[in-house]
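# Fold and contact review
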Amino acid sequence: MIDEYNALIDNKTWELVPRPSGINIIRSMWIFAHKDNSDGSFARHKARLVGDGKTQHVGVDCGEMFSLLVKPATIRNVLSLALSKAWPIHQLDVKNVFLHGYLKETVYMRQPLGFRDPKHPHHVCLLKKSLYGLKQSPQAWYTQFTDYVFTIGFTDSRSDNSLFIYYRGSSLAYILLYVDVIILTASSDALRQSIMTMLISEFAMKDLAFLSYFLGIVVTRHAGGLFLSQKKYAAEIIERAGMSSCKSTSTPVDTKPKLSAAAGVPYEDPTSYRSLAGALQYLTFTRPDITYAVQQVCLFMHDPRVEHMNALKRIIRYIQGPLDYGLHLYPSSTSTLVSYTDADWGGCPDTRRSTSGYCTFLDSNLVSWSTKRQSTLSRSSAEAEYRRVANVLSESCWLGNLLLELHCLIQKATLVYCDNISVIYLFANPVQHQRTKHIEMDIHFVREKVVRGQVRVCHVPSRYQIADIFTKGLPSVLFKDFRDGLSVRRPPAMTAGVC
């Protein structure tokens with residue numbers, strides 16, 4: 001607590017002033033926690049002084065609020081590019097990250113408990129800089145960071161505002177910002193070291209050397225590439241559910257019809273259900289094989305039933321088996337985007353809406369995937385499929401723009417594979433059919449890309465439609481085959497250093 005308080009004083013976070021009348025005064029609170037190492041062992045105790053943002057009033061002591069976080073697909077793309085170019089990947093941790101931003105609003109806070117000024121016990125803190133717990137702290141930190149990196153030659157990406165790019169001749173560097181975690185990779189060690197020196201001179205940062213552990217994800221460098229794993233996080237979910245000794249299952253969801261919202265009796269502890277479902281969502285960062293199963297249980301968080309909880313427990317039993325599985329990234333040419341898309345027509349028993357899913361590869365590396373229930377009802381399987389093609393093409397366009405900003409030009413046409421021949425005919429045939437008038441915009445969007453040669457919509461047999469893993473429950477043999485196709489496998493037997 002003393003170290004935290006002294007750091008705030010040294011940072012000139014506030015100044016003591018007489019308490020004004022008729023002004024909102026927010027509370028100050030101490031939060032205690034402990035830090036763990038990447039292997040789960042205890043690292044140190046931590047005390048944090050926070051402001052009670054719940055007592056702030058919009059328009060009085062806080063204004064516009066947002067927290068920009070780098071997109072998972074952006075992280076995977078940058079790691080894939082750095083790996084393919086054999087660039088070093090470095091990690092920095094910002095100390096007391098929210099204390100760096102300056103406040104534009106006038107915010108008063110009570111003096112910290114246990115550290116009241118004996119000469120002015122009734123004074124309050126007039127905050128000059130942001131503090132943990134304030135509603136505007138994430139925005140203040142982001143603004144402070146971006147203003148500085150712009151002065152040293154970086155520009156922010158239009159595709160992802162938490163990605164910053166440095167480009168001067170043959171010199172190229174990327175910065176990924178996720179709150180207090182910074183991932184830096186550059187085309188040369190000299191450029192990387194120069195950027196790190198400037199960042200550390202401006203902000204209080206801790207150099208964590210080569211990237212090995214960030215956001216609960218362990219990054220292992222091996223002879224063939226990178227391995228991303230959330231084994232520790234998965235074990236914590238299993239322990240939280242009280243299923244450490246459960247038997248494993250071969251798939252995360254069965255092949256039966258989808259669950260209904262009104263199935264069975266209400267579950268007795270909906271809070272626990274929502275907590276576990278939310279935790280599983282983050283596990284999909286490196287485990288796309290459970291994306292569909294997690295999406296299904298998340299549909300019922302508003303009113304979970306016993307059958308829904310049984311489905312959630314099946315997911316936990318599945319991750320108990322291949323607990324150490326993770327996502328592999330390999331060096332590649334980074335010249336082609338390939339997408340697979342599929343839709344389970346009318347699969348929802350309550351709304352009869354279709355469940356659609358896709359996955360996109362940058363050459364051999366899986367960089368983006370999704371499972372989602374469509375927002376409108378489709379009148380045919382072809383309609384459900386080409387709505388999905390239009391959506392995956394939107395994602396591919398975003399990825400193409402992102403890679404262009406990263407100075408990685410995709411020169412070949414984007415390949416989109418689907419297993420519905422009618423869809424391919426509709427995109428290739430310029431004749432408007434009466435049955436497609438209500439979805440004309442989606443058809444025009446894809447057909448324009450096809451005519452320009454930017455996209456090729458191709459047929460793939462259902463047996464090789466890897467996107468099936470994102471739309472329905474599959475037999476064990478087929479599921480394992482598709483899981484391997486997503487590069488979700490066990491960790492490498494031999495490792496050589498870290499990246």
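Residues numbered from 1 in each chain as written. Predicted model: local features only at pLDDT ≥ 70, side-chain atom pairs only at ≥ 80, totals over all residues. Heavy atoms only, no water.

## Here's the deal with the sheet that holds strand 13 (residues 213-214)
- Within the open sheet, the five strands sit side by side as 13-14-15-16-22. Their pairing is antiparallel. Only two strands of the sheet have a single partner each, and these edge strands are strand 13 and strand 22 (488-489).
- One ladder, built from two bridges, connects strand 13 with strand 14 (residues 217-222); its direction is antiparallel. In the strand pairing of strand 14, tyrosine 213 is matched with valine 218. (Pairing = 2+ DSSP bridges. Helix = DSSP H or I, 4+ residues; strand = E, 2+ residues; numbered from the N terminus.)

## Digging into unusual backbone geometry
- In this structure, alanine 209 takes a positive phi of about 60 degrees despite not being glycine.
- Counting through the fold element by element, alanine 209 comes out in strand 12 (residues 205-210).
- Taking relative accessible area as the criterion, alanine 209 reaches 36% and is therefore assigned partly exposed.
- Of note in the backbone geometry, histidine 407 takes a positive phi value of approximately 60 degrees without being a glycine. (Buried < 20%, exposed > 50% of the residue type's maximum accessible area, 1.4 Å probe, protein only.)

## Considering the confidence of the model for the protein
- Confidence along the protein averages 86 in pLDDT terms, with 92% of residues attaining 70 or more.
- Looking over the protein, one finds the lowest element-wise mean pLDDT in helix 11 (residues 440-451), namely 69, and the highest in strand 16 (residues 326-329), namely 96.
- Low pLDDT, under 50, characterises residues 495-499; the predicted model gives this stretch 19 contacts beyond four residues in sequence or across chains. (pLDDT = per-residue confidence, 0-100. Contact = heavy atoms within 4.5 Å.)

## A look at the packing of aromatic side chains
- In the structure shown here, the tally under the stated rule is 17 aromatic pairs.
- When the centroid spacing of 4.5 Å and the interplanar angle of 15 degrees are considered together, the rings of tyrosine 5 and phenylalanine 115 count as stacked. Of this pair, tyrosine 5 sits in helix 1 (residues 2-10) while phenylalanine 115 sits in the loop between strand 6 (108-109) and strand 7 (124-127), and the two are 110 residues apart along the sequence.
- An angle of 40 degrees between the planes, with centres 6.4 Å apart, marks the rings of tyrosine 142 and phenylalanine 164 as tilted. Note that tyrosine 142 is positioned in helix 3 (residues 137-151) and phenylalanine 164 in strand 9 (residues 163-168), a separation of 22 residues in sequence.
- Here phenylalanine 164 falls in the buried class, since its relative accessible area comes to 0%.
- An aromatic cluster of three or more residues is present, and its members are Trp141, Tyr142, Phe145, Tyr148, Phe164 and Phe203.
- Here arginine 48 stacks its cationic end above the ring of tyrosine 132, 3.9 Å away from the centre of that ring. (Phe/Tyr/Trp six-rings, centres within 6.5 Å; stacked < 30°, edge-to-face > 60°. Lys NZ or Arg CZ within 6 Å of the ring centre and 35° of its normal.)

## Description of a positive patch on the surface
- On the surface, a cluster of positive charge is made up of Lys35, Arg44, Lys95 and Lys206.
- Mapped onto the fold, lysine 206 is located in strand 12. (Patch = residues over 30% accessible without salt bridge, like charges linked within 9 Å, V, L, I, M, F, W, Y side chains within 5 Å. Areas by Shrake-Rupley, 256 points an atom, 1.4 Å probe, with all protein chains shown as cover. Salt bridge = Lys/Arg side-chain N within 4 Å of Asp/Glu carboxyl O. Lys, Arg positive; Asp, Glu negative; His and termini not counted. Charge placed at Lys NZ, Arg CZ, Asp CG, Glu CD.)

## Side note on the nonpolar core
- Core analysis: the biggest nonpolar cluster contains 45 residues, and Leu280, Leu283, Leu312, Ile319, Cys359 and Leu486 have the highest contact counts within it.
- Elements with a contribution of two residues or more to this core: helix 5 (231-240), helix 6 (270-283), helix 7 (291-298), helix 8 (306-320), strand 17 (337-344), strand 18 (355-362), strand 19 (365-373) and helix 12 (476-485).
- Residue contacts for leucine 312: discarding those within four places in its chain leaves Tyr273, Leu276, Ala277, Leu280 and Val297.
- Of all hydrophobic cores here, the second largest spans 43 residues; its members include Trp14, Ala47, Phe98 and Met109. (Core = buried A, V, L, I, M, F, W, Y, C linked by side-chain atoms within 4.5 Å.)

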